[in-house]
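Take a look at the letters that make up each chain.
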Amino acid sequence: MRNRFAISGKKRAQELRPAAFYLKDDAELLTTGNFEDHLSWISQADWIVEVVLEDLNIKRELFKKLIPLLGEGTVVSSNTSGISINKMCEGFQEISKKGFWGPIFFNPPRYMRLLEIIPAKSTSKSIVGENGGCGERILGKGVVFAKDTPNFIANRVGSFAIAIVIKTMVEDGYRIEEVDQVTGPAMGRPRSATLRTADMVGLDVMAHVTKNLLENLPEKERVYFQPAPFLQQMVKNQWLGDKTKQGFIKR
């Protein structure tokens, strides 16, 4: 029963369009597990990428559990949407001395070329260079090195763009279909446009990203990121987008 979320996540990944896996058989390379029964597996890992809920305290609690299990050469990282890399590893010498960093991939990761790399203060330049080289040569990504600022680069810009579009939609009375017709290929942007992109990312993730900006930006910038009441209600209803088959678009 504790594996059910991991199993369902793997199944969703196999059903995604465009395809998440280059070959269908590659899905068998993924072994599903859970934190209660299988956390000890990480002792065999070279590289750990944490992707739990966008909450600093939850991430740090997980890292506490990881520390006693880490192998000698294991490197820990976080694919956070925008939480401070330095705050995550603060006080965890066993993690930070090995070169804690943030590899920020974007959905869908197989197709989105951007890879942001955010090093912690303690991360050596040589490790940062190795990570960037691996991202470019092996993963075929366009690597950008970013500073440890709220939501880094793409999520900072993207959050602002989505917030302004939703604010305009509410104030001027646009429909969902109209918004995505205007803010998609007509503006030189992908077909997913704005609200379809929000569904792909997940409205719960978007809410956490916005919360992070509201808590860490200067006061004069926060006005742009006040969430619309209908978005808060959608999250309460678990209308989170693709992962629940209903968000701005119902499937």
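This text goes with the structure placed above it.
Residues numbered from 1 in each chain as written. Predicted model: local features only at pLDDT ≥ 70, side-chain atom pairs only at ≥ 80, totals over all residues. Heavy atoms only, no water.

Draft legend 1. Quick look at the pattern of salt bridges. By the definition in use, this model includes 12 salt bridges. Put simply, Asp242 and Arg251 hold a salt bridge, and the shortest N to O gap is 4.0 Å. Overall, the relative accessible area of 27% leaves Asp242 in the partly exposed class. For Arg251, a relative accessible area of 61% corresponds to the exposed category. Because the salt bridges share partners, they merge into one network encompassing Glu50, Glu54 and Lys59. (Salt bridge = Lys/Arg side-chain N within 4 Å of Asp/Glu carboxyl O. Buried < 20%, exposed > 50% of the residue type's maximum accessible area, 1.4 Å probe, protein only.)

Draft legend 2. A look at a nonpolar patch on the surface. On the surface, a cluster of nonpolar side chains totalling about 260 Å² of accessible area is made up of Trp47, Val49 and Val51. The topology assignment puts Trp47 in strand β1 (residues 47-50). (Patch = residues over 30% accessible without salt bridge, like charges linked within 9 Å, V, L, I, M, F, W, Y side chains within 5 Å. Areas by Shrake-Rupley, 256 points an atom, 1.4 Å probe, with all protein chains shown as cover. Helix = DSSP H or I, 4+ residues; strand = E, 2+ residues; numbered from the N terminus.)

Draft legend 3. Focus on the layout of surface pockets. A volume near 330 Å³ is recorded for the second largest pocket. Around the second largest pocket sit 16 residues that line it, and Leu56, Ile83, Asn212, Glu215 and Asn216 are the ones nearest its centre. Per-element accounting of the lining of the second largest pocket gives the leading share, five residues, to helix α10 (residues 203-216). Residue composition of the lining of the second largest pocket, by class: three nonpolar, seven polar and six charged. (1 Å grid on protein atoms, 1.4 Å probe; cavity = no way out; pocket = protein on both sides within 12 Å on 5 of 7 lines; lining within 4 Å. Points joined across faces, edges and corners; volume = space filled by probe spheres on them. Nonpolar A, V, L, I, M, F, W, Y, C, P; charged D, E, K, R; others polar.)

Draft legend 4. Up close: the pairing of strand β3 (residues 101-104). The two faces of β3 match: Trp101 and Pro103 on one face and Gly102 and Ile104 on the other face are all buried. The sheet contact formed by β3 and strand β4 (residues 114-119) spans four bridges and is antiparallel. Considered in β4, the bridge of Gly102 is made with Ile118. (Pairing = 2+ DSSP bridges.)

Draft legend 5. Spatial organisation of the packing of helix α7 (residues 154-172) against α10. One can describe the packing of α7 onto α10 by two numbers: an axis separation of 11 Å at closest approach and a directional angle of 105 degrees. What the angle tells us is that α7 and α10 run roughly perpendicular. Two secondary-structure elements touch here, α7 through Arg156, Ser159, Ile162 and Ile166 and α10 through Met206, Val209 and Leu213. (Axes fitted to C-alpha atoms, helices over the stretch in contact; angles between N-to-C directions. Parallel < 35°, antiparallel > 145°, perpendicular 65-115°, else oblique. Contact = heavy atoms within 4.5 Å.)

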